[in-house]
Amino acid sequence: MSFKDRVISIVCKIPSGHVTTYGTVATLAGLSRGARLVGGILHFNIDDVPWHRVVNRHGFISTKCLEHPKLAQKALLEQEGIEVTSDFMVNLRKYGWFG
DNA sequence: CGAATGACCAAGC
DNA sequence: GGCTTGGCCATTC
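None of the values given here were measured: they were computed from a predicted structure.

Draft legend 1. Focus on the overall build of chain A. When its secondary structure is counted, chain A shows five helices and two strands. For chain A, the α and β elements follow one another from N to C terminus as α-β-α-α-β-α-α. In chain A, which comprises 99 residues, the share counted as buried stands at 42%. Contacts in chain A between residues at least 24 apart in sequence constitute 60% of all its contacts with a sequence separation of at least 6. Counting only carbon and sulfur atoms, one obtains 55% of the accessible surface of chain A, whose full area is about 6000 Å².

Set out below in structure tokens:
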């Protein structure tokens, strides 16, 4: 069991229709200051976790990946009932999940 | 095992 | 008020 596994576990527990932030995931995983690690971990496990439910502090999709994954994420979020603006931003105040 | 890396955050100019 | 800098710490090669 490692921080990585905890992060993955937590991300998988995010209820459908909700999103959370890197900082929140890091805190729930035990490292309130490990937001960066969460990003890196999700990067290495992009195929194993619903990373589309994790956004940065501003509610923006922070991936530096190609635009295609972003569109996929936007579609997935909307599919779950989450409003995503054309700027790939979600309303954390409304859809934010903090455990 | 050591050095580099990173999809963040908050404070400082 | 927007941009730049520094710190954080596990994972990876």
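Draft legend 2. Up close: the protein's contact with DNA strand C. Taken together, Ser2, Phe3, Lys4, Leu31, Arg33, Arg36, Leu37 and Phe44 form the complete shell of residues around DNA strand C. The share of sugar and phosphate among atoms of DNA strand C within 4 Å of the protein is 54%. Within the backbone of Phe3, one N or O atom sits 3.2 Å away from a phosphate oxygen of DNA strand C. Every element with two or more residues in the surface near DNA strand C is listed here: helix H1 (3-13) and helix H3 (35-44). Element by element, the count of residues in the surface near DNA strand C is highest for H3, at three residues. Each residue belonging to the surface near DNA strand C can be placed in one class, and the counts come to four nonpolar, one polar and three charged.

What counts and what doesn't
- Residues numbered from 1 in each chain as written.
- Chains lettered and ligands numbered in written order.
- Predicted model: local features only at pLDDT ≥ 70, side-chain atom pairs only at ≥ 80, totals over all residues.
- Heavy atoms only, no water.
- Helix = DSSP H or I, 4+ residues; strand = E, 2+ residues; numbered from the N terminus.
- Buried < 20%, exposed > 50% of the residue type's maximum accessible area, 1.4 Å probe, protein only.
- Contact = heavy atoms within 4.5 Å.
- Areas by Shrake-Rupley, 256 points an atom, 1.4 Å probe, with all protein chains shown as cover.
- Near = heavy atom within 4 Å.
- Polar contact = N/O pair within 3.5 Å; in protein donor to acceptor, adjacent residues only side chain to side chain.
- Nonpolar A, V, L, I, M, F, W, Y, C, P; charged D, E, K, R; others polar.

Geometry only, nothing functional implied.
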